[in-house]
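Breakdown of the fold
Listed below, chain by chain, are the residues.
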Amino acid sequence: MRSPAPRGRWRSRPGGGSRRVDPGRTGGSGLPDPEPGTRAYSRGVVAPAHPEIAVPRPAFLFDLDGTLVDSVYQHVIAWQEALEDCGVPLSVWRIHRRIGMSGGLFLDALQRETGRRLDPATLERLSTLHAEHYLRRAGGVVPLPGARELVQLLHAEGMPFAVATSGSAVTADSALALLDLPPRTVVVTRDLVERAKPDPHLFLAAATLLGVDPRDSFVVGDSVWDLLAAQRAGALGVGLLSGGYGRAELQAAGAYRVYADPAEMLDRLEEVGVRPAR
Ligand SMILES: [Mg+2]
């Protein structure tokens, strides 16, 4: 005697075979009835319909020169003039390639590239001369397009942000004054940490002062040194072309997104997960 046919319908599976769907248990959807507050999927997988997850708001850690202010070329020329004062001629493009990194590493690199060893007193004098030459040109430095608007929007939205620069307080101060930063904006300069970019110290210090996890942060910078430091800090890097580095270089150094300047980043802020209040 043959057994009675099982209740329910049979549905084919991709790749062959079939499974029985019991209409008494599925409500007609083909899936088991879920427990209250859960959603059931095929193969017996059940997940909460609305999982309780904590998603921190991102923080933004900005580089300064070439990122918020248009000052890269003033720094390049200031270094060239300082080097000439010390009898060390060096092509402008070689200097440009090092802008944004720690001043100490910059001087190490130029000694290698020029084949000249400089004594500690000369290295100290170079830093002083660079600051003097830069400050003479600082009147020509302006905010990059969209920089003030970007930080003002982040401030208005209550998004934490900070500025972290390899520059000294002496050279950074005039640039910061151009940005109309809100009171008590966190600023970390080279003077405050043991090592500058591409070491992560500046961005880690900025995140600490903001009270955020660097892994919840975007580092925004114009140089490969910013993006390498971002990777060391565990942050996502956003590259800007406004310092003279190319898109491919920034992406190779870890940029998650690349924009022309702060104005384009502001225009596409939703791409980095910022949803301004409407
Ligand atoms: Mg920079």
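Let me begin by describing the structure that accompanies this report. Worth saying up front: this structure is predicted, and the values here are computed from it rather than measured.

1. A short note on unusual backbone geometry
Here lysine 197 and proline 198 are connected by a cis peptide whose omega angle stands at 15°. With respect to the helices, strands and loops of the structure, proline 198 is situated in the loop between strand 7 (186–188) and helix 8 (201–210). Of note in the backbone geometry, arginine 184 takes a positive phi value of approximately 65° without being a glycine. Take arginine 184: it is sitting in the loop between helix 7 (169–177) and strand 7. Given 6 C-beta atoms within a 10 Å radius, arginine 184 is considered exposed.

2. Observations regarding the packing of helix 2 (residues 72–85) against helix 5 (residues 120–137)
Packing of helix 2 against helix 5 leaves a shortest axis separation of 8 Å and a crossing angle of 135°. Between helix 2 and helix 5, the crossing angle belongs to the class labelled oblique. Pair helix 2 / helix 5 crosses with right-handed handedness. Of helix 5, the residues touching helix 2 (which contributes Gln74, His75, Ile77, Ala78, Trp79, Glu81, Ala82, Leu83 and Asp85) are Leu126, Leu129, His130, His133, Tyr134 and Arg137. Broken down by class, the residue content of the contact of helix 2 with helix 5 amounts to eight nonpolar, four polar and three charged.

3. Here we look at the nonpolar core
Among the nonpolar cores identified, the biggest contains 53 residues, and Leu61, Phe203, Ala206 and Val219 are the most heavily contacted of them. For this core, the leading source of residues is helix 9 (residues 224–233), giving seven residues. Residue assignment places this core across two domains, with domain 1 (59–71 + 141–272) and domain 2 (72–139) each supplying three or more. Excluding residues within four positions of it along the chain, leucine 61 makes contact with Ala162, Ala164, Phe203, Ala206, Ala207, Ser217, Val219 and Ala235. Val72, Trp79, Leu83 and Leu126 belong to the second largest nonpolar core, which has 10 residues in total.

Analysis parameters
Residues numbered from 1 in each chain as written. Predicted model: local features only at pLDDT ≥ 70, side-chain atom pairs only at ≥ 80, totals over all residues. Helix = DSSP H or I, 4+ residues; strand = E, 2+ residues; numbered from the N terminus. Buried ≥ 20, exposed ≤ 12 C-beta atoms within 10 Å, placed from the backbone. Axes fitted to C-alpha atoms, helices over the stretch in contact; angles between N-to-C directions. Parallel < 35°, antiparallel > 145°, perpendicular 65-115°, else oblique. Left-handed = near helix turned anticlockwise from the far one by under 90°. Contact = placed C-beta atoms within 7 Å. Nonpolar A, V, L, I, M, F, W, Y, C, P; charged D, E, K, R; others polar. Core = buried A, V, L, I, M, F, W, Y, C linked by C-beta atoms within 7 Å. Domains from an automatic or database assignment.

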